[in-house]
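Listed below are the residues making up each chain.
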Amino acid sequence: MAVALLAAAVPTPAYVRSTTEAGQPARGLCLYWGARQVRFVVNATSATPAPCGSAAAATTLTAASFPAWSPACTDFGFVNGGTTAVTAVANDGTNLVVFRSGLCQAAGCSGNACASTHNCWDHDAMGTIALTTTTFVASTGQILDADMEIHGWNGLSRPQATGSYLTCATPSSPPCTAIPYGQTGCNFTDVGNVVTHEAGHMLGLEHTCVASYPAPYNYCPNAPDGTTMDPTMQPGETRKRVLTADDVAGVCAIYPLNAATVTCSSPSSSSGCGTAGGGTGSLGLLALGFLILRRRSSRRA
Ligand SMILES: [Zn+2]
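The shown structure was predicted, so the numbers you read here are calculated from the model rather than taken from an experiment.

A. Main features of the overall build of the protein chain. Along its length, the protein chain carries 7 helices and 12 strands. Long-range pairs, those at least 24 residues apart, make up 68% of the contacts in the protein chain between residues at least 6 apart in sequence.

In structure tokens:
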């Protein structure tokens, strides 16, 4: 009993490093960048309507979200490379943040080329707000390229509306009402919340273990709630803009200040996580009214 009480008093690290085995954090090699400075560019101008009602506002909040990942215990940092008109998710050395609008299905095509040409969302139509695609060297885990797609509103009313109603209000602003389209000055799907989370994927973190969620999001039994790398968000939520101690521990475990980048082949030793499940949890989470943030990874030999 004394042992159990002691264990409860000490926060259990819950961060999980991404590995070369997608969705299997206990297998494969940990992902990492070889450099401590990672440049990103933002395309908020190709989506219609503009995210947050203003491409400039979306760009500004996006850029302002990356520095959260540079706490004092690391010299890792994202570098703002400015804006771009690029829409292609590709292993091209450009780490892209692109706001999409409209389903590729509605454009009559599918696949990466379709998404680039129409700046459309080529992933699941419901639930997933954003997706980060990471390209890495399979034999080492070194990341070569990371691109973030964010699925914004297509401008139509229900039931034709697709995508998330993205907002760029301040955290102290009130939540938008349940059907938020066209509202301003309120929080619904906060761009800061989304980008800070996805930036964690870009640097090499997997979702935090959350015991109460269905597999594969319940890797760890003792995870704290509300981390930036928690895979779900509620409408109006902005708290992921600010890292929790566990998120800070995660980035600093990979890129410790003035010390070599930590690679690993048994990545979950700090988290106590087991293996991940099959990835069929999204429908269950949707039924609970959650929104989901997701990552995927692509392999590069
Ligand atoms: Zn995620």
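B. Up close: helix H5 (residues 191-203). Compared with the 18 Å implied by 1.5 Å per residue over 13 residues, the 18 Å span of H5 between its first and last C-alpha is a close match. For H5, a buried count of 13 out of 13 residues is recorded, marking the element as mostly surrounded by other parts of the structure.

C. Representation of unusual backbone geometry within the structure. At the junction of Thr48 and Pro49, the peptide bond is cis and its omega measures out at -5° in the coordinates. Non-glycine residue Asn119 carries a positive phi angle of around 50°. Turning to its location among the elements, Asn119 is positioned in the loop between helix H4 (112-118) and strand S6 (128-137). Owing to 24 C-beta atoms within 10 Å, Asn119 belongs among the buried residues under this scheme. A positive phi angle, near 55°, is found at Asn258, a position not held by glycine. Look at Asn258 and you get exposed, because 6 C-beta atoms sit within 10 Å.

D. Spatial organisation of the confidence of the model for the protein chain. Here the protein chain averages 83 in pLDDT, and 77% of its residues register 70 or above. In the model, residues 1-11 has pLDDT below 50 throughout and makes 1 contact with residues more than four positions away in sequence or in other chains. In this model residues 267-290 is a low-confidence stretch, pLDDT under 50, and it forms 57 contacts with partners more than four residues away in sequence or in other chains.

E. Seen up close, the pairing of strand S4 (residues 77-83). Bridge count between strand S3 (residues 37-43) and S4: 5 bridges; the pairing is parallel. Across the sheet, residue Val38 finds its bridge partner in S4, namely Phe78.

F. Broad picture of the pairing of strand S7 (residues 142-152). Among the 11 residues that make up S7, 8 are buried, leaving the element largely enclosed by the rest of the structure. Judged from the 2 bridges that link them, strand S2 (residues 32-33) and S7 form a sheet pairing that is parallel. Each residue of the ladder has a partner; that of Tyr32, found in S7, is Gln142. Across 7 bridges, S6 lies against S7 in antiparallel orientation. Paired with Phe136 across the bridge in S7 is Ile143.

G. Seen up close, the nonpolar core. By size, the foremost hydrophobic cluster in this structure holds 53 residues, and its most contacted members are Ala58, Phe66, Trp69, Val97, Val191, Ala199 and Leu203. Looking at this core, the elements with two or more residues in it are S2, S3, helix H2 (55-65), strand S5 (96-101), S6, S7, H5 and helix H6 (245-254). In terms of residue count, the dominant contributor to this core is H5 (6 residues). Leaving out residues up to four positions away in the same chain, Ala199 has contacts with Ser65, Phe66, Trp69 and Phe78.

Procedures and definitions
Residues numbered from 1 in each chain as written. Predicted model: local features only at pLDDT ≥ 70, side-chain atom pairs only at ≥ 80, totals over all residues. Helix = DSSP H or I, 4+ residues; strand = E, 2+ residues; numbered from the N terminus. Contact = placed C-beta atoms within 7 Å. Expected span 1.5 Å × (residues − 1). Buried ≥ 20, exposed ≤ 12 C-beta atoms within 10 Å, placed from the backbone. pLDDT = per-residue confidence, 0-100. Pairing = 2+ DSSP bridges. Core = buried A, V, L, I, M, F, W, Y, C linked by C-beta atoms within 7 Å.

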